[in-house]
Structures are given as C-alpha cells and as structure tokens.
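Structure at a glance
Take a look at the letters that make up each chain.
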Amino acid sequence: MTPRLAELLDRLHVVALPMRVRFRGITTREVALLEGPAGWGEFGPFVEYGPVEAAAWLASGIEGAYRQPPPPRRDRIPINATVPAVAAAQVPEVLARFPGARTAKVKVAEPGQTLADDVERVNAVRELVATVRVDANGGWTVEQAARAAAALTADGPLEYLEQPCAGVDELAELRRRVDVPIAADESIRKAADPLAVVRAHAADIAVLKVAPLGGISALLEIAAQIDIPVVVSSALDSAVGIAAGLSAAAALPRLEHACGLGTGGLFVDDVAEIAAPVDGSLAVGPVTPDPERLRALAAPPERRQWWIDRVNACYPLLVPSSSD
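Here's a quick rundown of the structure. Treat the numbers as computed from the prediction; the structure is a model and nothing was measured.

Enumeration over the complete set of coordinates arrives at one cavity of 30 Å³ or more. Together, Lys209, Val210, Ala211, Ser233, Ser234, Ala235, Asp237, Gly241, Gly245 and Leu261 line the largest cavity. Within the residue set of the lining of the largest cavity, elements represented by two or more residues are helix H9 (210-213) and helix H11 (239-251). Class assignment of the residues belonging to the lining of the largest cavity gives a composition of four nonpolar, four polar and two charged.

Spelled out as structure tokens, the structure:
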C-alpha cells in the first residue's frame, strides 16, 4: 500500500555524503532516506533525472521502508572493487578499500580521457586483482568499442564489457564482432521494455540495480524472466541502498558473478557504520542509520527543500499497488 505523501515527507532525511574521489562527475552524493514501519528506504536518483525516471527510485525507497525483504538464499554476497576513472598511480589506494576482492570493475570511456588512459588503469588493476571487468556507461560507438575491446584485452582477459554502447542494436552488433562478453546496464534500467536487450541477444549478462528498477521485487521479477546471469549493482547508494541491493542478490535463485555492491568504499562517511568486506564479500542484513550521522551529514536546508520538491513531483507518478 502506498503511504500518504505527508507521511513520507514527515519521515524524510536528506543527507550529503562526501566522496573520496570524483565519481560520475560528483564529489558529494545526496540522497533522501525514508523511515517506515519495515525499516529504511532510499530515494536517490541522480540530480539530472526528471520526475518520470526518478519515480521508480521513489517506489523503491517506499518498498524498503514499508515492505520486508524476501527470504534470503545466501547470507553473504561476493562484491567487486569499483575503480573510478582515476590515474593508474591511484589504483592501489582505491583497491585497498576493498579487502579480499577478487574482482574489480574499472570505469572507462571517461570524457576527456583516452583509450590509452583506460588501458593503463586496467593494467594497473590487473597487477592486484585477478578478475577485471570494465564499465563504459554507453560511451563508445560500435567501432570505438571494438577497438577498445582489442586494446583492453591485449595484456589479459576481461570478464565482460559493461554497457560499451548506448543502444540495444549497437550492443547486438558489437556482441557479434568481439569475443568479450557484453553486459547491459542502462539498456535495461533506462528502457521502457527492460527485457528488449535480452530478446535482441544483445547481452551475455544483465546488470540490475534495485532503485532504478523500482525496488527489490521489481528486480527479482525481471531476473525471473531472463535466461542470462544477473549481477546486482549499486547506483552509488548509501548504506541503506546497499543493504537493499544485498537483499536482492541474496534472494536470487542463482548468483554466478561478484556484485557491484561495494561502492560504500567510495564515501568518506556514510549514514551507518558498515563492516568492511571479509574475504571479498559483504553480509546480508538490514541497516539502520545512526542518528548522530544523520545529523552530521544532513544536507543544507535549501537542498532538503529541493528533495522535498522532488518527492512531490514524483509521488503522483507512482503506480498504485493492488492493495490501494
């Protein structure tokens, strides 16, 4: 059942989390947290997203605060280290925040950088981590992606290329041209039909994120309809959102790859004290923000009002539940 708008706003906490390095072009991550009868939910669509796209994130936050997660099938989730588009010399410092990780996801195709920068960064990661995957966020054409695939595998294999191109047709063409497995992220979470990329045989792996898809239940429904492996990943979530991602990964019938849920290591501070990864994995379980951290990390009043206005804009776009 969808709670009343006034109830959501009454229990809204807006926080600004400082980051250790620039990621997705930002150094501070703002999110709104919702406190409800089932726990905590997170509403954190990136600032450039309009109300239609952001409404799914609000649905996810409401689900986290008002609905218990599904029963887990596993109690720990293997995670990958996340390496932003930093200089190769910074790679050891970044990887040190992910103790025991056997897989690393490396950001590539960063505006203003070159393929040579990507190769240097990936090779620096290879020296420290056995399994490497890269994420281009749709930044390449098919020709650029084919050249990048060749350059990035010249010195070692890649587990997969995540969203190398923006379009489903481009992914399908690239998949026919290269031997590296293709993973789809934006082509699933930003699509009107999230299953189109699978029907087009455009991906070998589906990267699914709880918040953009509308919640854990929506993610699991999509996962049940596809016949390729799933990697549950973070949308640069706070500890609350990471807990939701871990719950989703724990509920999947099969989990063959490390998940991208270790991005908490990119924050200087978070709303809760989270245990460091043990042997490259994180424990599944609920997270309750620390009241003192909520106060210390609270966004300025004008930013809180900006998020309130955003909730107001998204709320009418929510699809009523069957119990409404």
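What follows continues from the structure just given.
Turning our eyes to something else, we now look at the pairing of strand S6 (residues 103-107). Of all five residues making up S6, five are buried, and the element is well covered by its neighbours. Residues Thr103, Lys105 and Lys107 line one face of S6 and the alternating positions Ala104 and Val106 line the opposite face, and both faces are buried. Here three bridges tie strand S5 (residues 81-83) to S6, and the two strands are oriented parallel to one another. By the bridge assignment, Thr82 is partnered in S6 with Lys105.

Attention shifts here to the side chain of Glu42. Along the chain, Glu42 falls in strand S3 (residues 39-43). A polar contact is formed between the side chain of Glu42 and the side chain of Ser238, at a distance of 2.5 Å. Once you skip the residues sitting within four places of it in the chain, Glu42 turns out to touch Val31, Ala32, Leu33, Trp57, Ser60, Gly61, Asp237, Ser238, Val240 and Gly241.

Criteria and cut-off values
Residues numbered from 1 in each chain as written. Predicted model: local features only at pLDDT ≥ 70, side-chain atom pairs only at ≥ 80, totals over all residues. Heavy atoms only, no water. 1 Å grid on protein atoms, 1.4 Å probe; cavity = no way out; pocket = protein on both sides within 12 Å on 5 of 7 lines; lining within 4 Å. Points joined across faces, edges and corners; volume = space filled by probe spheres on them. Helix = DSSP H or I, 4+ residues; strand = E, 2+ residues; numbered from the N terminus. Nonpolar A, V, L, I, M, F, W, Y, C, P; charged D, E, K, R; others polar. Buried < 20%, exposed > 50% of the residue type's maximum accessible area, 1.4 Å probe, protein only. Pairing = 2+ DSSP bridges. Polar contact = N/O pair within 3.5 Å; in protein donor to acceptor, adjacent residues only side chain to side chain. Contact = heavy atoms within 4.5 Å.

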